[in-house]
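Close look at the chain arrangement
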Amino acid sequence: MSSRDEILSMIRENRPAFSPLPEIPVFIHEKPLAEWFTETLTGIGGKVVHLKDTGEVETRIQQQHGGVINTTDLSAAAKYRHATAQELEAVDTVIVPGIIAVAENAAVWVNEKDMINRLLPFICRQLIIIVQLTDLVPDMHSAYKKIRIDEAGFGVFIAGPSKTADIEQSLVIGAHGPLAMEVWFVGE
Amino acid sequence: MSTLPVSHSKAAEAFLADKPYVSWHDETLWFVRSKRDKAARSVPEWETLRELASAVKAHTLSRLDEYLVQFESNAKKNGIHVHWANDAAEHNSIITEILRSHNVQKVVKSKSMLTEECGLNPYLAERGISVIDTDLGEYIVQLRNEHPSHIVLPAIHLKKEAVSDTFHEHLHTEKNNNDPVYLTRSARTVLRNHFITADAAITGVNFAVAETGGFVICTNEGNADMGAHASKLHIACMGFEKIIPRAEDLGIFLRLLARSATGQPVTTYSSHFHRPAPGQELHLVLVNNGRARQLGRPEFRNSLKCIRCAACFNTCPVYRRSGGHSYHNAVAGPIGAILAPNLDMKNNADLPFASTLCGSCTNVCPVKINIHEQLWSWRQVLMKEGYGGKAKEAAMKTMAAVLSKPGLFVRTANTARKLMRAVPWLFNNKLNPWYRQREMPSAPAQSFKTWYKKNRNEQQG
Amino acid sequence: MRVGLFIPCYVDQFYPQVAIATMELLEKLGCEVVYPAAQTCCGQPMANSGFESYAAGCNANFIKQFRGFDYVVCPSGSCVLHVKEHLHDADESTASVIRNTVYELTEFLTDILKVEQLNASFPFKVGLHVSCHGQRMLHLASMSERMLPPFSKALSLLHKVAGIELIDPVRADECCGFGGTFCVTEEAVSVAMGQSRVEEHAANDVEYITGGDMSCLMHLEGILKRQRSNIKVIHLAQILNAQ
């Protein structure tokens, strides 16, 4: 018998009596979402910027220093689709669109389709995610209702810059991923 | 003949020799527990989430074979190569085969307690494949040739001075520069180079979703993503109990995991892998290694609900004062003490006794595993199987005999108490472990029984 | 109301004053209290060591001693918990009655007698040590790990005592490290845990450490005495019975 079949037959023999799968209720939250998100992201070392419209976004992008890869401009960013880690290692800033932002934990869902290359949001020194203010939801349950996790081959909730506290529980912002992270909300 | 590992109590005694160090260790972990409390308090539905998480896991265990088959089928459709390993040896050999077929020389690995459990690193090293642990804590302990002492904070037993010395020796950082930012940045530079030059990445898995055939990895450092996305080959390893039925179940678990683990609202990255990147190969190894046996033990099967948050470590007053290495098992702490006997009863018979059964572990557990009750139950099983030793059995038999005969009990107890009054040195000596650091209670002239006879029975006539 | 007084074996031998206080307190509150003199032990030391299977004789004696009371009351959460969870016998119906009518002292006072007033006075600075079995398993108080409304049966009673000044330690419900046979099999950890508790209470400058389980207090007392500390331990029953 293959290991697969052996494992499955042992599990079948040993599994407990049926236990029902619970429905997940809707939780009601009182806090205003934008303030809640900002409070959370600030608490984990990120920064929130509010921009009125695409015009303001454009201006702000122009103000970024160093090398920028902006995947909201698909045609310009397409050349990085097959770029290797060696080629991307030196990139300063990456700008990607986010699909859903979650107030309770400041996580933003980013899809492979929008990041062009899976490495981009991780290998850069600064990550900027642009999200429509209308795509802000209170909690993870509402977020999972709005996204399809297998829509692309890869998707990720990103909450703040990379960090570690592995040395004496001292929080260090900037571990292997970005050293800084901003969420730009667009809309009023 | 195999020798038993140093027992928890002996290792703990050695750990406790340096009092200021133990105080620091205790305070550091208590700080994590406090952060967890604060994070949990900020979620009004916290206790409901724990109920839900526990119920989802209970349901999954009751249909585990079906969900694994569903997951396998969906994962294959997604282009993931799925492997099944019955034990640690098979897990290691499957991975070696995959690596060899790609001529891999160097692997970057993000945190996976399963690969620790299976002893993958030494196995690969013996076969000429070098493995770099990329989680900062794991990297530190790897450089020191140690094991992680904590499943979430692998180097929590080390002070920054020790980390600085290790980095100075291996990475040539400035001597005595103990600044955590400096040390972290130094490791970042070295590990970046490993990420971009490695031939393959190995990762763990936090959750695998049956209905979509994908899996989720949670990290703060971004090391799992750096490794997985930079390599042409990604191998993910998971104990089969990591499976959950639906994508929406992730909402429950991700809300609980990081808050329970470190008090963060969520880990920086919750990465959902469904298909390999263009030009990449993605493998997943599903591992049993005793889990199916544990599933068949009704009093212990709930331990398979564990999501490895380590909240039970941080709250455990014994763990905080004995350190992770005293548990001589890949997973330490209270949860380790109920998982380890399933892997090897003889070697781990001491672990369920490394607890006061205070129950704090059960209370912090985000999936409501009855840890302290399982510790108690393991004690019964281990003694029944004869792992307590003849001397302990004999002592317990004598105690049972005395306590079931009231007359004998009174005579024995009164004699002992009178001896304590007459010849205290018989008790107050080094052979009595109570007396080593504590005074014996003072023995009163009369017991309550005697008092009662004089003061109540007489009145009642 | 006929109450069977269940006194832990080590209290009978080493702390008769705790048993006397419990008895007097219950009598003051109008109970008819009987102490079945042939009681020995609940069997917890064996069970927690992994030898529950040896406890049959002990259980049979316990049932023989405590059958027929309206309630069985004990000044120890730990012993009560053991009886509630593990008292079984060939005579299972009697065992079940006892399992359901056995009460730890403070819960008996608050939940059954519904005590509103205590004629007690204890003008000292006191730190409460919360014992794990009573708190986390008998739910005599809310727990710092759980996100539920706070309450404490012991504190609600202590607040009725005149003159008492209660000071909470920072880690309000951390285990003292007694743990039954743990206190000798894991002596080093046990003592380190006890020393931490003592340290916190000492920093609060208390005169007494009190609690609902004499076993924890015996362990803390051993440490205090070795340190030649002036802090004394006293069982809750003694404070609630103090005039």
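Residue positions are given per chain, counted from 1 along the sequence in the order it is written. For this description, chains carry letters from A and ligands carry numbers from 1, given in the order in which they are written. At least 70 in pLDDT is required for a residue's local features to be given in this predicted model, at least 80 for side-chain atom pairs to be given and counted, and no such filter applies to totals for whole chains, interfaces and linings, which use all residues. Each side-chain value is worked out from all heavy atoms of the structure, with water and hydrogens disregarded.

**Remarks on the overall build of chain C**
Selection criterion: Strands are runs of DSSP state E lasting at least two residues, helices are runs of H or I lasting at least four, and both sets are numbered from the N terminus onward. Here the globule rule is a power law, 2.2 Å times the number of residues to the power 0.38, and the radius of gyration is based on C-alpha atoms. Burial classes: relative accessible area under 20% of the type maximum marks a residue as buried, over 50% as exposed, and values in between as partly exposed (1.4 Å probe, protein chains only). The contact criterion used throughout is that any non-hydrogen atoms of two residues lie within 4.5 Å. Methods summary: accessible areas were calculated by the Shrake-Rupley approach with a probe of 1.4 Å, and residue burial reflects only the protein chains presented. For the purpose of charge, His is not counted, nor are the chain termini; Lys and Arg are scored as positive and Asp and Glu as negative. By convention, charge coordinates are those of NZ in Lys, CZ in Arg, CG in Asp, or CD in Glu.
When helices and strands are tallied, chain C shows 13 helices and 8 strands. Expected size for 243 residues packed as a compact globule is a radius of gyration near 18 Å; at 17 Å, chain C falls within 12% of this value. If one aligns the C-alpha atoms of chain C with their principal axes, the spans along those axes are about 50 × 40 × 40 Å. Looking at the 243 residues of chain C, the share that counts as buried comes to 67%. Contacts in chain C between residues at least 24 apart in sequence constitute 75% of all its contacts with a sequence separation of at least 6. Within the structure as shown, chain C displays about 8,400 Å² of accessible surface, and the carbon and sulfur contribution to it stands at 52%. Mean positive and mean negative side-chain charge positions of chain C (18 and 27 charges, respectively) differ by 1 Å.

**As for the environment of Asp166(A)**
Going by this rule: Definition of a polar contact: a pair of N or O atoms within 3.5 Å, with one able to donate and the other able to accept a hydrogen when the atoms are protein atoms, and with sequence-neighbouring residues admitted only if both atoms are side-chain atoms.
Summarising the element assignment, Asp166(A) is placed in the loop between strand E9 (163-164) and strand E10 (172-173). Each C-alpha atom, one on Asp166(A) and one on Ile61(A), is 34 Å from the other, the two residues being 105 residues apart in sequence. In this view, Asp166(A) contacts Asp135(B), Leu136(B), Gly137(B), Val152(B), Leu153(B), Pro154(B), Ala155(B) and Glu221(B); residues no more than four positions away in its chain are not counted. Within the structure, the side chain of Asp166(A) is placed 2.7 Å from the backbone nitrogen of Gly137(B), a separation counted as a polar contact.

**Describing the interface of chain B and chain C**
For clarity, the threshold we go by: Buried area: the accessible area, evaluated with a 1.4 Å probe, that two parts lose upon being put together, summed over both parts. Any Lys or Arg side-chain nitrogen found within 4 Å of a carboxyl oxygen on Asp or Glu counts as a salt bridge.
Between chain B and chain C, the contact holds 75 residues from the first and 72 residues from the second. Buried surface at the junction of chain B and chain C, summed over both partners, amounts to about 6,200 Å²; 61% is from carbon and sulfur atoms. There are 10 salt bridges connecting chain B and chain C. A salt bridge links Glu174(C) to Arg320(B); the shortest N-O distance between them is 2.7 Å. Our enumeration of links across chain B and chain C arrives at 38 residue pairs in polar contact (both at pLDDT 80 or more). Ranked by the residues each element gives to the side of chain B that touches chain C, the list is headed by helix H2 (residues 19-41) of chain B, at 9 residues.

**Regarding the domain arrangement of chain B**
The following threshold applies: How far each domain reaches was decided by an automatic or database domain assignment.
When cut into domains, chain B gives domain 1 (1-17 + 27-38 + 300-388), domain 2 (43-289) and domain 3 (402-460). Computed from C-alpha coordinates alone, the two centres of domain 1 of chain B and domain 3 of chain B are separated by 34 Å.

**A word on the packing of aromatic side chains**
To keep things clear, this is the line we draw: Two rings from Phe, Tyr or Trp (for Trp, the six-membered ring) form a pair when their centres sit within 6.5 Å of each other. Planes less than 30 degrees apart are called stacked, planes more than 60 degrees apart edge-to-face, and all others tilted. We call a charge positioned above a ring when the Lys NZ or Arg CZ atom is no farther than 6 Å from the ring centre and deviates by at most 35 degrees from the ring normal.
In this structure the tally under the stated criterion is 29 aromatic pairs over all chains. Ring centres 6.0 Å apart and planes at 35 degrees place the aromatic pair Tyr319(B) and Tyr327(B) in the tilted group. The buried category is assigned to Tyr327(B), whose relative accessible area is 1%. Chaining the aromatic ring pairs together yields one cluster made of Phe122(A), Phe154(A), Phe215(B), Tyr269(B) and Phe273(B). In this arrangement the basic side chain of Lys57(B) is found over the ring face of Phe253(B), its NZ or CZ atom lying 5.5 Å from the centre. Sitting above the plane of the Trp434(B) ring, Arg438(B) keeps its charged end 4.3 Å from the centroid.

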